[in-house]
Amino acid sequence: MPSDTVTPGTPREESAAEALPPVPPPAVPPEHAVTTGPGPAPGAGYRAVFAVREFRSVFAAHLLSLLGVVVSELALTVLVYDLTGSPLLSALTLALGFLPYVVGGTLFAGVADRYPARRVLVTCDLICAGCVAVMVLPGIPVAGLLVLRCLVAAVAPVFTGTRTAALTDILGEGDLYVLGRSLLRLVSQSALFAGFGAGGVLLTALSPRGAIAVTVVTFLCSAALLRLGTRDRPARAAGDAGGALLKDSLAGARAVLGDRRIRGLLLLFWVPAFFVVAPEALAAPYAEAIGAGPAALGVLMCSTAIGHIGAELYVGTALGPRARSRIVLPAAALGLLPLLLFGFRPGMALTVAALVLAGAGAAYIIGLDQWFVDAVPEHLRGRAMTVLTAGLMTAQGIGMALAGVAAEFFPVHQVIAGSGAVGTVCSLLLVVEVRRTRVRYRKARQG
């Protein structure tokens, strides 16, 4: 919507197939899913995904819960500022949406595999609804509001990781899964505009607590959709549900991060995201530096997301699976290059163009999704997706913070251009690593 803690031990350098026992494909593909063959024809893929009844429930639940999160974040930020008059605490309220991801994604990742997915998803929505409902109560101190905000954020990676893994049961492991992931990601990007817009409208008619109360309903409706609209499938891992959750979660994270192939793919998700957030974090001071007004600031804030949405829609509709796979490494390597234009401190038009192009570079993620699900063994999938989500959000939060720190010492346009340069170098190194592991991975699979 905007590195995980690794347990001690030396990472193993085997490929995914060598590090973990292969899991045979299911004898019967999931209902309505297509797991073999070329997948939907280009241009019809997204329609084919919506033809799956369970996915429609997941999609609607995702939209509702995401709008609830965005609106509650905005309303809570306003509420904290009204109670304290402190810009720092108001900003901290938003920052807490990133920081607990690494905690929840590391300590609770085992939940995604050891319990049935539907039960986990419904429980997460109910926990969020309960936390938000408590925020509405009068007399809750600011510290209590921030703790509740942290709880909601800590639950988020478990929910997202479980849902992402469950998509392979609903849509299969092929092209329908990739397009389903793409749709949920597009909703996440678009919901930022819709959610903040809806939140602004609500705050004109309701108090901040009243707007927060509305989001309780969105979480409850999401829980109902998931409970009634999806099948009850058994837990992914056959371990002891009564065992130590922390041990299971850390073991899963160690297995995921210790595999060279999976680790390289994870970093290819995380590293470009770490650098591409610099313009968003520094949009306000950059707009001031080039003499742009408040309306221009809004355009700058959404330009990267617009580029991402447009490129992903094109790749998802116009390209087939093979073409999506071919563009992964080139797009990942070159996606941050447009940020170098900031070194010349361009005007508004060129700045927007650079941001849209940088956002479009994220289209490689569609193909990378397929590589990732192919590389992760089925019994680790929920934990792997949870680690992926936690690391991605943490990388974005740290990237924003470090961009702000750097801007205290260097001109804003140089910080953004530097992010593009350093990010491109890091991405190129990762592309080389992923190419190497792809060769070893293929050999291991064939052997």
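The structure this text deals with has already been given above.
Residues numbered from 1 in each chain as written. Predicted model: local features only at pLDDT ≥ 70, side-chain atom pairs only at ≥ 80, totals over all residues. Heavy atoms only, no water.

1. Comments concerning the overall build of the protein
Secondary structure summary: the protein contains 21 helices and 0 strands in total. Relative to its full complement of 447 residues, the protein shows a buried share of 53%. Approximately 18700 Å² of the protein is accessible, and the part contributed by carbon and sulfur atoms is 69%. (Helix = DSSP H or I, 4+ residues; strand = E, 2+ residues; numbered from the N terminus. Buried < 20%, exposed > 50% of the residue type's maximum accessible area, 1.4 Å probe, protein only. Areas by Shrake-Rupley, 256 points an atom, 1.4 Å probe, with all protein chains shown as cover.)

2. Focus: a nonpolar patch on the surface
On the surface, Ile 398, Leu 402, Val 405, Phe 409 and Phe 410 cluster together into a nonpolar patch covering about 520 Å² of accessible area. Topologically, Phe 409 is positioned in the loop between helix H20 (381-407) and helix H21 (412-446). With a relative accessible area of 65%, Phe 409 lands in the exposed category. (Patch = residues over 30% accessible without salt bridge, like charges linked within 9 Å, V, L, I, M, F, W, Y side chains within 5 Å. Salt bridge = Lys/Arg side-chain N within 4 Å of Asp/Glu carboxyl O.)

3. Digging into helix H7 (residues 117-136)
Under the 1.5 Å per step criterion, the end-to-end length of H7 is 29 Å for 20 residues, consistent within 8% with the ideal 28 Å. Of the positions making up H7, those classed as buried are Ala 117, Arg 118, Val 120, Leu 121, Val 122, Cys 124, Asp 125, Cys 128, Ala 129, Cys 131, Val 132 and Met 135. Packing partners of the buried residues in H7 comprise helix H3 (53-84), helix H6 (111-114), helix H8 (142-171) and helix H10 (208-229). (Expected span 1.5 Å × (residues − 1). Contact = heavy atoms within 4.5 Å.)

4. Some remarks on the pattern of salt bridges
Close approach of charged atoms lets side chains of opposite charge pair. In the structure shown here, the tally under the stated rule is 7 salt bridges. Between Asp 369 and Arg 181 there is a salt bridge, with the nearest N and O atoms lying 3.2 Å from each other. Of this pair, Asp 369 sits in helix H19 (residues 364-375) while Arg 181 sits in helix H9 (residues 175-205), and the two are 188 residues apart along the sequence. The pair Asp 369 / Arg 181 is uniform in exposure class, with both members buried. Within the structure, one salt-bridge network assembled from shared partners comprises Arg 181, Arg 185, Glu 312 and Asp 369.

5. A short note on the nonpolar core
Nonpolar side chains tend toward joint burial in soluble globular proteins. In this structure, Phe 55, Leu 171, Leu 266, Leu 268 and Phe 372 are the most contacted members of the largest nonpolar core, which totals 107 residues. The element best represented in this core is H8, accounting for 12 residues. (Core = buried A, V, L, I, M, F, W, Y, C linked by side-chain atoms within 4.5 Å.)

6. What about empty space enclosed by the protein?
If you add up the space inside the largest cavity, you get close to 60 Å³. Lining the largest cavity are Val 69, Ser 72, Glu 73, Leu 76, Val 132, Met 135, Arg 149, Val 152 and Phe 219. In terms of residue count, the dominant contributor to the lining of the largest cavity is H3 (4 residues). Among the residues making up the lining of the largest cavity, the classes are represented as 6 nonpolar, 1 polar and 2 charged. In this structure, the second largest cavity spans a volume of roughly 40 Å³. Looking at the second largest cavity, the residues that line it are Pro 279, Leu 282, Ala 283, Tyr 286, Leu 300, Phe 342, Thr 351, Leu 355 and Ile 416. Elements that contribute at least two residues to the lining of the second largest cavity include exactly helix H14 (283-289) and helix H18 (348-360). Taken together, the residues that form the lining of the second largest cavity break down as 8 nonpolar, 1 polar and no charged. (1 Å grid on protein atoms, 1.4 Å probe; cavity = no way out; pocket = protein on both sides within 12 Å on 5 of 7 lines; lining within 4 Å. Points joined across faces, edges and corners; volume = space filled by probe spheres on them. Nonpolar A, V, L, I, M, F, W, Y, C, P; charged D, E, K, R; others polar.)

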